[in-house]
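What follows is the residue order along each chain.
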Amino acid sequence: MQEYLETIKKRRSYYNLSEDIHHSNEEVKYIFEDVLNTTPSAMNSQPTRVVLLFDDKSKEFWNKVNETYDNSIDKEKFKGFYHAKGTALFFIEEEVVEGLKKEIPSYAERMDQWAEHGCAMIQLNAWQGLRDEGIGASLQHYNPHIDNWCRDLYHVPKTWRLVAQMPFGKIEQEPEEKEKAPIESIMKVFE
């Protein structure tokens, strides 16, 4: 358990990234495959979809995101995104969610939320898995402004809804420590 907790403590939002990781694209792909195959989802519905962009494809993506935002992304963050080894795009397949709503109408109002939970678990597990291999990442949300061109550029179905973007690469600089709320203000214990 202690080893797992140490991995959790290392996971941070890394913005200063480069492409100089000691893993092949294939090895990184396997991290994402393992995460997708082992992370649970409501009713085992598996609505999360991932598009992996490596090297020049990742650079092209971040250039297009920055253009969409009139080149207004913070220059230091953009530099890290652009020079990262790759980017994972996370989607939710809405047809799966809609199918569950019809199949189990008594839970229909919760299906969207549960799909979001499942996608979030995959994002966190991927982030943790990358960090465990010495690869840094951060989670970004430039959607919905990039949704249409992103869907077209990567030939994903219209039923895939973009949720988040995760640039990943070699950690070039550790982030500053963040202040945490006192534990008694965020957790209650009854014995």
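Details of the structure are given in the entry above.
These notes cover the structure that comes with them. (Residues numbered from 1 in each chain as written. Predicted model: local features only at pLDDT ≥ 70, side-chain atom pairs only at ≥ 80, totals over all residues. Heavy atoms only, no water.)

### Concerning the overall build of the protein
Quick reminder of the rule: Each helix is a run of DSSP H or I of at least 4 residues and each strand a run of E of at least 2, with the numbering of both proceeding from the N terminus. Radius of gyration here uses only the C-alpha atoms, and the compact-globule reference equals 2.2 Å multiplied by the residue count raised to the power 0.38. Relative accessible area decides the class of each residue, using a 1.4 Å probe on protein chains only: under 20% of the type maximum gives buried, over 50% gives exposed, and in between gives partly exposed. By definition, residues are in contact when any of their heavy atoms lie within 4.5 Å. For the area figures, the Shrake-Rupley method with a 1.4 Å probe applies, and any residue is considered shielded solely by the protein chains shown.
Scanning the protein for helices and strands turns up 8 helices and 5 strands. Scanning the protein from its N terminus toward the C terminus, one meets helices and strands in the order α-β-α-β-α-α-β-α-α-β-α-β-α. The C-alpha radius of gyration computed for the protein amounts to 18 Å, which stays within 12% of the reference 16 Å derived for 191 residues, consistent with globular compactness. By its C-alpha atoms, the protein is 50 × 50 × 30 Å across when sized along the principal axes. The proportion of buried residues among the 191 residues of the protein is 41%. Long-range contacts, defined as pairs at least 24 residues apart, comprise 83% of the intrachain contacts of the protein with a sequence gap of at least 6. A total accessible area of about 11600 Å² is found for the protein, and carbon and sulfur atoms account for 50% of it.

### A closer look at the pattern of salt bridges
Operational definition: A side-chain nitrogen of Lys or Arg and a carboxyl oxygen of Asp or Glu constitute a salt bridge if their distance falls within 4 Å.
By the definition in use, this model includes 12 salt bridges. Lys-57 is the salt-bridge partner of Glu-60, the closest N and O atoms lying 3.9 Å from each other. Of the two residues, Glu-60 and Lys-57 are both situated in helix 3 (residues 56-68); the distance of 3 residues between them amounts to about one turn of the helix. Between Glu-94 and Arg-161 there is a salt bridge, with the nearest N and O atoms lying 2.4 Å from each other. Here Arg-161 lies in strand 5 (residues 160-171) and Glu-94 lies in helix 5 (residues 94-103), a separation of 67 residues in the sequence. By relative accessible area, which is 18% here, Glu-94 ends up buried.

### Topic: unusual backbone geometry
Most peptide bonds take the trans form, and the phi angle of most residues other than glycine is negative. At the junction of Asn-143 and Pro-144, the peptide bond is cis and its omega measures out at 10° in the coordinates. Tracing the chain through its elements places Pro-144 in the loop between strand 4 (135-137) and helix 7 (147-153). Phi at Asn-71 is positive, roughly 55°, even though this residue is not glycine.

### Considerations on empty space enclosed by the protein
A water-sized probe, rolled over the atoms, reveals where empty space remains. We apply this condition: In this analysis the probe radius is 1.4 Å and the grid spacing 1 Å, with only protein atoms considered; a cavity is a set of points the probe fits into but cannot get out of, a pocket is an open set with protein on both sides within 12 Å along at least five of seven lines, and lining residues have an atom within 4 Å of a point. Grid points are joined across faces, edges and corners, and a volume is the space filled by probe spheres set on the points. Any residue that is not Ala, Val, Leu, Ile, Met, Phe, Trp, Tyr, Cys, Pro, Asp, Glu, Lys or Arg is counted as polar, Gly included; the first ten are nonpolar and the last four charged.
One pass over the full model with this rule turns up 1 cavity of 30 Å³ or more. For the lining of the largest cavity, the secondary structure elements donating two or more residues are helix 5 and helix 6 (108-132). Here the lining of the largest cavity gets 3 residues from one element, more than from any other, and that element is helix 6. Looking at the lining of the largest cavity residue by residue, the classes come out as 7 nonpolar, 1 polar and no charged.

### Some remarks on a nonpolar patch on the surface
The test is simple: Each patch is built from salt-bridge-free residues with over 30% relative accessible area, joining like charges within 9 Å and nonpolar side chains (Val, Leu, Ile, Met, Phe, Trp, Tyr) within 5 Å.
Where nonpolar side chains cluster on the molecular surface, the patch consists of Met-1, Tyr-4, Leu-5 and Ile-8 and spans about 420 Å² of accessible area. A residue is classified by how much of its surface remains accessible, and Met-1, at 73% relative accessible area, is exposed.

### Let's talk about the pairing of strand 5
Basically, it comes down to this: Only strands that DSSP links by at least two bridges are regarded as paired with each other.
Within strand 5, 10 of the 12 residues are buried, which leaves it mostly tucked inside the rest of the structure. With 2 bridges connecting them, strand 1 (residues 17-18) and strand 5 associate as antiparallel partners. For Ser-18, the partnering residue across the bridge sits in strand 5 and is Lys-170. Relative to strand 5, strand 3 (residues 86-93) runs antiparallel, the two sharing 8 bridges.

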